[in-house]
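Here are the chains, one letter per residue:
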Amino acid sequence: MEVYRNPTEVQMTQMVQPCHTNHRGELSTGQLLKWIDTAACLSAERHAGRPCVTASVDDIYFEHTIRVGQVVNIKAKVNRAFNTSMEVGVQVSCEDLCSGEQWSVCKAYATFVTEHKLTAKIKLRPLDPQTEEEKTEYSVAAERRRMRLVHTDTIKDLLTKSPEQAGPENRECNVTIPAEKTRVESVELILPPHANHQGNTFGGQIMAWMENVATISASRLCNAYPTLKTIEMFQFRGPSQVGDRLLFKAIVNNAFKNSMEVGVCVEAYRNEMELKQRHINSAFMIFVVLNENRQPRILPVLKPEPGDGERRFKEASARQKIRLDRKYVITCKYTEVPLSVPWDQSNKVYLSYNNVTALKTLVAKANWELASEREKFKMYILEEDTFLSVRIEMTICCNVMQAFLLLSDLRNRHEWDRHCASCELVQQVDKDDMIYHVISHTISEENKPMDFVVLVSRRKPCSPGDPFVLAFRSVTLPTHPIMPQYTRGETLCSGFCFWQETDKHTNVSYYHQATSGLLSYITTNIAGLSSSFYRTFQDCEQFLLKNKDKVPVELQNP
């Protein structure tokens, strides 16, 4: 039997030679970025059928270094094609030929657009994902695209609403280094070997040059050889061609206790007589300095330059807070208690992203089994390790947008869910995200009603065929602490998906991944689609049919 292979998949295998390494005999990050960009570009062109250029590269976290003599395996494939851009996912692993050991190095997500001479943008053909992994990546790609579009606004919002940044951290090192000492400028002439088959500079080549000047800048702060740990989004703002000069500027924006942020920008000009330089690219790179035990050293304090330097210093602190919040959100484990993540202005984008992503990932699972069927309602279950997930679906005579909007407002949930005593909107985060305090009639083992503080994130379809999504997850709010009269419940992944079947018919599916607090309730009601579950969804259907022409005005533009 022929083994399925994604038609856009590109595999690259490279032996690390001495010419690819730094002074420590480790693969240069700049060289790795060139290989990543090349593999991703080939995958994008395989789907588009025409030349492509790099538009951006998302944050990259480097988990391991690679040494000379080891083998780098790079796999790239298109996750999703939007209207005129596409996301390419890249997985990088390392292989030791002597021991046979393999390990993951990093993942990257790059956005590509087609290269064209005409003014009109070229529309890309959609992908048809086949495997569970492809369906998950396809679905989540829409959330990553949303995050890219709001990234700059997230930083601005945090700087506006957060209190003034505190002074330097207390640390053992009392050395202060002026930021101007770390400033680096370098110029490169674009030659044919640096360009692709269209004469545009390889994105990977530009990223490699950026990594070089950033490393020099970081070295000047610590008088040591730094290690690059993280790159924050590369954004290519314009092309450069053979014959252009590229001016690279790097400076340490802020030095924290064990890491430092270096900002790099790239400007292009055609000749020395050209007065106005074009902004080509920018990125932020996070470095650490490792001691002999491979542990991060404490770094000197940075004294920012007045004016722009102080602005960059504050922005770097904001980005560090976002990185730490994002890391906490993303690494939150199912087995850890509490499951709720503290809600904060700086992590709202990532909490919303994880909320929707978790539900979309659950929806894309392939091994759902039909457990029971009762009239127009079907129940499916999915068992994975110690987790039990439930899906209940029904088809109703209601427009998909109306059903989506009606169930988006949890204040009305008590009208169709007999387990819900009340639901209060406590914070309207933005037009797509709301936080509710829910009090349930469900009685806990402590013989008290349960309550929840829930983030509700809603999404309209990104492309035809996508569902409307309504995702729930628990958060922690200082204004709503645990109260003695209730048992605080938690939900890590639950919500609704709405698919349009016809103009008047909608498939409504509810998903719930059972956590320990509700596991006993779920398992009690799962057999034979119990009367409790059946009645709830029967009431939900009646609620939608009764109110389908009464969608509130404030909800009609989600």
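Think of each chain on its own: its residues are numbered from 1, step by step along the sequence as written. A pLDDT threshold of at least 70 governs which residues receive local features in this predicted model, and a stricter bar of 80 or more applies before side-chain atom pairs are shown or counted, although totals over entire chains, interfaces and linings include all residues. With hydrogens and water set aside, each side-chain value is computed from the structure's full complement of heavy atoms.

The name given to the chain in an unreviewed UniProt entry is Acyl-coenzyme A thioesterase 11, with Pseudonaja textilis as the source organism. According to the UniProt record, the Pathway (unreviewed entry) comment for the chain reads "Lipid metabolism; fatty acid metabolism." Looking at the Function (unreviewed entry) heading of the UniProt record, one finds this comment for the chain: "Has an acyl-CoA thioesterase activity with a preference for the long chain fatty acyl-CoA thioesters hexadecanoyl-CoA/palmitoyl-CoA and tetradecanoyl-CoA/myristoyl-CoA which are the main substrates in the mitochondrial beta-oxidation pathway." UniProt positions are given in the numbering used here, feature names are shortened, and annotations may be inferred rather than shown by experiment.

A. Looking closely at the nonpolar core. To define a nonpolar core, start from buried Ala, Val, Leu, Ile, Met, Phe, Trp, Tyr and Cys residues and group those joined through side-chain atoms within 4.5 Å. Note on classification: 1.4 Å probe, protein chains only; a residue is buried when its accessible area is under 20% of the maximum for its type, exposed when over 50%, partly exposed between these limits. Ranked by internal contacts, the top residues of the largest apolar core, which has 73 residues, are Phe234 and Met260. Residue ranges for the domains trace back to a domain assignment, done automatically or taken from a database. Summarising the domain contributions, this core has at least three residues from each of domain 1 (1-116) and domain 2 (174-334). Contact criterion: two residues are considered in contact whenever any of their non-hydrogen atoms come within 4.5 Å of each other. In contact with Phe234, not counting residues within four places along its chain, are Leu33, Ala55, Ser56, Val57, Met207, Met210, Asn281, Ser282, Ala283 and Met285. If you look at the next biggest cluster of nonpolar residues, it comprises 37 residues, including Val400, Leu405, Met434 and Phe472.

B. Region of the structure containing the environment of Phe404. Helix and strand definitions here come from DSSP, where helices need a minimum of 4 consecutive H or I residues and strands a minimum of 2 consecutive E residues; each element is numbered from the N-terminal end. With respect to the helices, strands and loops of the structure, Phe404 is situated in helix H6 (residues 400-408). Relative accessible area serves as the criterion here: at 0%, Phe404 is assigned to the buried category. C-alpha of Phe404 to C-alpha of Arg459: the two residues are 55 residues apart in sequence and 9.5 Å apart in space.

C. Summary view of the packing of aromatic side chains. Within 6.5 Å between ring centres, the rings of Phe, Tyr and Trp (the latter by its six-membered ring) count as paired, and their orientation is classed by plane angle as stacked under 30 degrees, edge-to-face over 60, tilted in between. Tallied over the full model, the rule gives 10 aromatic pairs. Ring geometry for Phe377 and Tyr534: centres 5.5 Å apart, planes at 90°, overall edge-to-face. Of the two residues, Phe377 sits in strand S16 (residues 377-384) while Tyr534 sits in helix H8 (residues 531-547), which places them 157 residues apart along the sequence. Taking 5.9 Å as the distance between ring centres and 25° as the angle between the ring planes, the aromatic pair formed by Phe496 and Phe498 counts as stacked. In this structure Phe496 comes out as buried when scored by relative accessible area, which is 1%. Here a set of aromatic residues connected by ring pairs shows up, and it is made of Phe404, Trp416, Phe468, Phe472, Phe496, Phe498, Tyr510 and Phe537. The positively charged end of Arg80 is found above the aromatic ring belonging to Tyr138, 4.0 Å away from the centroid. Whether a charge sits over a ring comes down to the Lys NZ or Arg CZ being within 6 Å of the ring centre and within 35 degrees of the ring normal.

D. Spotlight on H6. Counting buried positions along H6 gives 7 out of 9 residues, so the element sits mostly inside the fold. Residues of H6 that are buried: Val400, Ala403, Phe404, Leu405, Leu406, Leu407 and Ser408. The opening residue of H6 is Asn399, an N-cap whose side-chain oxygen sits 2.8 Å from the backbone nitrogen of Met401. Whenever two N or O atoms come within 3.5 Å, that pair is a polar contact, provided that in protein one can donate a hydrogen and the other can accept it, and provided that, for residues adjacent in sequence, both atoms are side-chain atoms.

E. Summary view of the pattern of salt bridges. In the sections that follow, a salt bridge refers to a side-chain nitrogen of Lys or Arg positioned within 4 Å of a carboxyl oxygen of Asp or Glu. Taken as a whole and judged by the stated rule, the model has 29 salt bridges. Between Arg413 and Asp417 there is a salt bridge, with its nearest N and O atoms 3.0 Å apart. With a closest N to O distance of 3.7 Å, Glu446 and Lys448 form a salt bridge. We classify Lys448 as partly exposed; its relative accessible area is 24%. The network of salt bridges with common partners includes Asp58, Glu87, Glu137, Arg144 and Arg148.

F. Quick peek at unusual backbone geometry. Positive phi, normally seen in glycine, also occurs at Asn223, with a value near 55°. The residue Asn223 is located in the loop between helix H3 (203-222) and strand S9 (227-236) in this model. Phi at Arg294 takes a positive value of approximately 65°, unusual for a residue other than glycine. Mapped onto the elements, Arg294 comes out in the loop between strand S12 (278-288) and strand S13 (301-303).

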